Amino acid sequence: MFRSKPLALLCSAALITTLSGCGQQNTSTETAAEVKTTGADSLALWPELKSPLANSDTEKAVQQLLATMAIEQKVAQLIQPDIRWMTVKDMRQYGFGSFLNGGGSYPNDNKNSTAADWLALAQAYYDAGVDTSIDGSSIPPIWGTDAVHGHNNVVGATVFPHNIGLGAANNAQLVEAIGRTTAVEVAATGINWIFAPTVAVARDDRWGRTYESYSEDPTIVKELGAALVKGIQGNVGADFMQSGRLIATAKHYLGDGGTENGKDQGNNLDNEADLVRLHAQGYISSLNAGVQTVMATFNSWHGEKIHGSHYLLTTVLKERMGFDGLVVGDWNGHGQIPGCTNTNCAAAINAGVDILMAPEDWKLLYQNTLAQAKAGEISAARLDDAVSRILRVKIRAGLFERGNPAQSEFAGKTELIGHADHQALAAQAVRESLVLLKNNDQLLPLAPKQKVLVAGDGADNIGKQSGGWTLTWQGTGNTNADFPNGRSIYSGIQQQVEAAQGSVELSADGSYQQKPDVAIVVIGENPYAEFDGDISTLDYQAGKNTDLDLLKKLKADGIPVVTVFLTGRPLWVNPELNQSDAFVAAWLPGTAGQAVADVLFKTQAGEIQYDFKGKLPFSWPKTAGQSPLNQGDSNYDPLFAFGYGLTYQNNTTIANDLIEQINSATSASNKSLSLFERRPASGYSLILQDEQGVVTVTGNKAKSADQSLNLAAVNWQKQEDALSLDWAANSKSRLVLQAAVPLNASGYGQLVVDMKWNTAPTAAVTLALSCGSGCGGSLDLAELMNNKTAGQWHKMVIDLSCFAAKGAALNHLQQPFVLHSEAAYQLSIANIRFTPATTKADLSCPAT
């Protein structure tokens with residue numbers, strides 16, 4: 001493990017301009033991608049494992065249950081709807097084997113649902129699931145949830161650091177305790193299946209799920225993944241699946257962290273030996289720890305979707321590695337297999353997926369799967385195997401004896417949600433996860449009795465410090481009020497400074513009333529999840545640099561600066577490092593933000609409270625285009641090496657002349673400008689505007705101030721990648737994309753937006769560009785829409801010259817997209833962008 005011996009370059013007070021040698025090197029080396037091979041020889045690359053839980057009594061019980069089931073009941077075990085689209089009545093009618101709440105799904109569709117609300121819904125689904133009055137089945141259902149850093153979907157729950165922070169802490173006992181605590185809080189709400197741990201090994205930090213990975217090093221992932229499994233499920237032969245222990249899931253099998261260019265749901269080109277060496281290690285350890293479920297991944301391996309890979313799911317996982325639990329698909333992942341759709345996919349089941357996650361389209365999928373089973377397209381043997389695996393997991397989890405949420409030892413104990421002991425564990429995790437990258441002149445630890453300025457938009461922002469998968473899928477739309485048991489980083493600083501009779505001033509923009517002795521600036525990435533977080537360059541705030549401007553302002557005023565960086569991955573921050581006297585990678589610490597101050601400040605007596613323990617679980621880039629970057633690479637040359645991390649015992653200086661020039665090849669392209677792709681681009685906000693006021697859209701649903709326009713995120717090609725807009729009659733409300741600073745769009749030729757409508761418009765549907773009061777141009781799209789087929793998506797291409805001809809000043813757009821319907825109407829939009837005039841436009845106008 002990388003913390004097992006000291007870092008040689010930290011043993012002396014050296015002037016360091018490059019720290020590529022600071023980490024302990026892995027014994028393995030990176031190899032180039034090779035042609036995929038499978039067969040007897042390649043199968044030998046995989047370890048031959050046996051289930052640690054094999055039991056003849058369990059198998060007898062499985063077969064007895066299976067013999068009583070009709071084919072309709074068996075197929076129902078294979079379908080997993082989401083609570084947003086399945087009612088209690090549906091559960092009573094079909095008797096589904098499982099269901100889930102995806103990110104952004106809540107009881108009563110209410111983000112502020114209480115623990116009691118969650119428990120009541122669990123009870124209702126359970127009662128319906130075992131009700132034999134319609135479907136004849138009394139097999140208890142299981143409820144799965146993405147509790148990936150605590151029970152992160154529930155208001156008031158303890159939210160732990162994301163996996164990248166736990167990888168920096170690299171403390172298996174801590175991770176196991178977090179798993180145990182998370183299971184207890186989840187159990188208190190009546191849920192019994194956790195979709196964790198994520199055992200991906202992220203190898204390209206441009207990937208939007210890097211923060212869900214413990215490390216680029218598979219040995220760390222292997223140890224910590226197994227630790228979380230043990231924390232959630234208990235230890236085999238000891239307290240496995242005892243009270244307060246729940247079903248765990250190793251995900252996403254296989255190779256999701258190694259896709260080409262870090263593209264989420266992309267293609268992994270590793271050869272099979274590297275697939276085992278790099279990406280399978282967390283599964284091997286999880287299987288040995290008795291993990292009961294494995295989730296299939298969206299990505300492909302050499303072009304073949306894993307959801308459809310019989311070799312990896314069945315031959316390798318189930319046969320070679322002896323996995324006798326169940327394989328669950330990811331969100332409509334089966335629909336990505338060639339020849340399949342979200343509602344029709346025997347291929348996934350035949351490949352080895354046992355449960356199809358079908359959040360919205362479950363009814364048609366059930367009907368089609370039933371027909372395929374009856375017709376033999378899914379063999380009786382394969383159907384029985386899948387159902388047997390599901391029953392085996394339920395029996396091992398004790399669901400037939402104690403599956404009723406009301407009978408759980410912890411159910412209904414709402415005091416366990418965010419319990420003080422759990423918060424203390426979260427604080428420990430935060431303290432151990434912090435990595436000190438720079439501490440010139442040993443500025444840290446700080447004396448608390450002084451004038452402290454706390455700046456940056458992350459300082460008093462629990463949502464930002466918690467990241468994605470927090471209350472909402474993307475982690476957006478949250479305020480501090482949504483975290484009744486949470487503490488911001490500022491709150492911890494304030495508590496320590498004021499207790500020592502110092503003074504503290506909070507100012508996001510860095511302005512101050514009295515010149516401070518020191519400034520603590522908390523900046524970093526805004527929340528994101530999955531493909532929303534994919535980036536093309538590691539350049540932090542590429543092309544924006546507002547945080548850098550803040551740091552420069554404070555340095556120009558002669559104020560020592562401590563930067564606390566909130567991030568889900570290593571990023572190129574050379575300019576920000578140059579403007580900081582001390583720099584701390586805080587990752588995404590969760591709700592115990594106050595613990596950051598425990599490490600930054602001395603006691604009132606001048607002693608160290610807590611030293612830095614965290615070490616980099618990922619290599620830190622020297623340039624913005626340095627990705628992938630992993631220890632063992634032949635050209636390995638990071639700024640800070642894997643395993644690097646200062647402590648208060650190191651008197652190490654980082655020169656303030658790190659290279660700030662960005663290679664043009666890695667700069668963001670100006671050939672097209674994305675304004676909205678699942679969310680507004682940086683520097684833009686989405687609002688609903690009418691005569692009664694403005695509503696800023698921050699979550700996946702919103703309603704205009706006058707209640708005449710409803711907005712909701714909907715699924716098109718991916719989860720929640722489009723917006724549904726529903727206007728009432730005589731609505732004055734408009735959907736507006738607002739620019740923080742006026743946009744100069746004169747270098748672009750066309751506005752492109754994807755649109756879908758189910759009925760032809762009967763009145764004007766106007767699209768406008770606004771350049772301020774009395775300045776702008778609008779076009780009626782109704783005729784164009786009437787000439788296209790309703791009920792399907794269309795790429796609408798409009799020459800910007802058409803807006804200019806109507807009065808829009810393209811060099812000063814304050815609102816580069818304004819949409820309104822004059823009549824009651826519903827349509828959906830996605831992917832708003834400005835592009836060069838390279839495509840034949842749907843609406844074209846001569847240039848003015």
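What comes next concerns the included structure. Only a predicted model underlies this, so the values are computations on that prediction, with no experimental measurement involved.

### Some thoughts on the overall build of the protein
When helices and strands are tallied, the protein shows 23 helices and 32 strands. Its C-alpha atoms give the protein a radius of gyration of 27 Å, within 12% of the compact-globule value 29 Å for 848 residues. Reported as C-alpha extents along the three principal axes, the dimensions of the protein are approximately 80 × 70 × 55 Å. Out of the 848 residues in the protein, the part that is buried amounts to 61%. Carbon and sulfur atoms form 47% of the exposed surface of the protein, whose accessible area is close to 29,700 Å². For the protein, the separation between the mean place of its 62 positive charges and that of its 83 negative charges on side chains is 1 Å.

### Concerning empty space enclosed by the protein
The final tally for this structure, using the stated rule, is nine cavities of 30 Å³ or more. The calculated volume of the largest cavity comes to roughly 120 Å³. As for the largest cavity, its lining consists of 16 residues, of which Asp146, Asp330, Trp331, Trp469 and Glu530 are closest to the centre.

### Remarks on the sheet that holds strand S21 (residues 684–690)
Strand order across the open sheet formed by six strands is S22-S21-S26-S31-S28-S29, with antiparallel pairing between neighbours. Two strands lie at the open edges of the sheet, namely strand S22 (693–696) and strand S29 (775–780), each paired on one side alone. Strand-to-strand twist across the sheet, computed as the mean angle between neighbouring axes with direction ignored, equals 25°. Across four bridges, S21 lies against S22 in antiparallel orientation. Bridge pairing in S22 links Ile687 to Thr696.

### Side note on the packing of helix H7 (residues 172–187) against helix H16 (residues 420–433)
Viewed as axis vectors pointing N to C, H7 and H16 meet at an angle of 145°, and their least axial separation amounts to 11 Å. The two elements H7 and H16 meet at a crossing, and its hand is left-handed. When H7 is examined against H16, the residues Leu174, Ala177, Ile178, Thr181, Val184 and Glu185 are found in contact with a partner set consisting of His422, Leu425, Gln428, Ala429 and Glu432. By residue class, the composition of the contact of H7 with H16 is six nonpolar, three polar and two charged.

### A look at the packing of aromatic side chains
Scanning all chains against the criterion turns up 22 aromatic pairs. Aromatic side chains Tyr540 and Phe565 sit 5.0 Å apart centroid to centroid with 85° between the ring planes, which places their arrangement in the edge-to-face category. Remark: Phe565 occurs in strand S17 (residues 561–566) and Tyr540 occurs in the loop between strand S16 (518–524) and helix H19 (546–556); sequence separation between them is 25 residues. When sorted by exposure, Tyr540 lands in the same class as Phe565, which is buried.

### Considerations on the pattern of salt bridges
With the rule as written, the count across this model stands at 31 salt bridges. The salt bridge involving Arg92 is made with Asp131; its shortest N-O contact spans 2.9 Å. Of this pair, Arg92 sits in helix H4 (residues 88–94) while Asp131 is found in the loop between helix H5 (115–130) and strand S4 (142–145), placing the two residues 39 residues apart along the sequence. For Arg92, a relative accessible area of 27% corresponds to the partly exposed category. Among the ionic pairs, Lys318 bridges to Asp354, the shortest N-O distance being 3.0 Å. One end of the pair, Lys318, is in helix H11 (residues 310–320); the other, Asp354, is in the loop between helix H12 (346–351) and strand S12 (356–357), with 36 residues separating them in the sequence. In this structure, a network of salt bridges that share partners links the residues Lys318, Asp354, Arg382, Asp385 and Arg389.

### Focus: the sheet that holds strand S10 (residues 304–305)
By definition, the strands of a sheet pair up through backbone hydrogen bonds, in either a parallel or an antiparallel sense. Strand order in this open sheet of three strands is S7-S9-S10, and the pairing throughout is mixed. The sheet is open, and its two borders are formed by strand S7 (267–268) and S10, each paired with just one other strand. Taken together, the two bridges between strand S9 (residues 300–301) and S10 define a ladder with antiparallel strand orientation. By the bridge assignment, Ser300 is partnered in S10 with Lys305.

### Concerning the environment of Thr210
Here Thr210 lies in the loop between strand S5 (193–194) and helix H8 (218–233). By relative accessible area, Thr210 is classed as buried at 1%. When the C-alpha positions of Thr210 and Lys89 are compared, they lie 39 Å apart, and in sequence the two are 121 residues distant. Ignoring sequence-local partners within four residues, the contact set of Thr210 consists of Ile164, Ala202, Asp204, Asp205, Gly568, Arg569 and Phe618.

### As for H19
Every buried residue belonging to H19 is among Asp547, Leu548, Leu550, Leu551 and Leu554, and all of these are buried. Taken down its axis, H19 places every buried residue within 155° of arc, on the same side.

### Digging into the side chain of Ser137
Structurally, Ser137 is set in the loop between H5 and S4. Engagement of the side chain of Ser137 in a polar contact is seen with the backbone nitrogen of Ile139, the distance being 3.3 Å. Apart from the residues lying within four places of it in its own chain, the contact partners of Ser137 are Gln73, Gly129, Val130, Asp131 and Thr132.

### Some details on the state of the cysteines
With the rule as written, the count across this model stands at three disulfides. Through a disulfide, Cys802 is tied to Cys845; the S-S separation comes to 2.0 Å. With the S-S dihedral at roughly 105°, the linkage between Cys802 and Cys845 falls on the right-handed side. Taken as a pair, Cys802 in helix H23 (residues 800–805) and Cys845 in the segment after strand S32 (825–835) lie far apart in primary sequence, 43 residues in all. Regarding the disulfides, the protein carries the connectivity 1-2, 3-4, 5-6 under sequence-order numbering of its bonded cysteines.

### Description of the nonpolar core
One broad rule of soluble globular proteins: the nonpolar side chains tend to lie buried together. Ranked by size, the top nonpolar core spans 203 residues in total, and within it Trp46, Tyr253, Leu312, Leu444, Ile493, Ile520 and Trp620 carry the most contacts. Ignoring sequence-local partners within four residues, the contact set of Ile493 consists of Val452, Val454, Val504, Ile520, Ala597 and Phe601. In this structure, Leu686, Val697, Leu751 and Leu784 belong to the second largest nonpolar core, which totals 45 residues.

Each value, and the rule that gives it
- Residues numbered from 1 in each chain as written.
- Predicted model: local features only at pLDDT ≥ 70, side-chain atom pairs only at ≥ 80, totals over all residues.
- Heavy atoms only, no water.
- Helix = DSSP H or I, 4+ residues; strand = E, 2+ residues; numbered from the N terminus.
- Rg over C-alpha atoms; globule rule 2.2 N^0.38 Å.
- Buried < 20%, exposed > 50% of the residue type's maximum accessible area, 1.4 Å probe, protein only.
- Areas by Shrake-Rupley, 256 points an atom, 1.4 Å probe, with all protein chains shown as cover.
- Lys, Arg positive; Asp, Glu negative; His and termini not counted.
- Charge placed at Lys NZ, Arg CZ, Asp CG, Glu CD.
- 1 Å grid on protein atoms, 1.4 Å probe; cavity = no way out; pocket = protein on both sides within 12 Å on 5 of 7 lines; lining within 4 Å.
- Points joined across faces, edges and corners; volume = space filled by probe spheres on them.
- Pairing = 2+ DSSP bridges.
- Axes fitted to C-alpha atoms, helices over the stretch in contact; angles between N-to-C directions.
- Left-handed = near helix turned anticlockwise from the far one by under 90°.
- Contact = heavy atoms within 4.5 Å.
- Nonpolar A, V, L, I, M, F, W, Y, C, P; charged D, E, K, R; others polar.
- Phe/Tyr/Trp six-rings, centres within 6.5 Å; stacked < 30°, edge-to-face > 60°.
- Salt bridge = Lys/Arg side-chain N within 4 Å of Asp/Glu carboxyl O.
- Arc of directions from axis to C-beta.
- Polar contact = N/O pair within 3.5 Å; in protein donor to acceptor, adjacent residues only side chain to side chain.
- Disulfide = S-S within 2.5 Å.
- Core = buried A, V, L, I, M, F, W, Y, C linked by side-chain atoms within 4.5 Å.

Geometry only, nothing functional implied.
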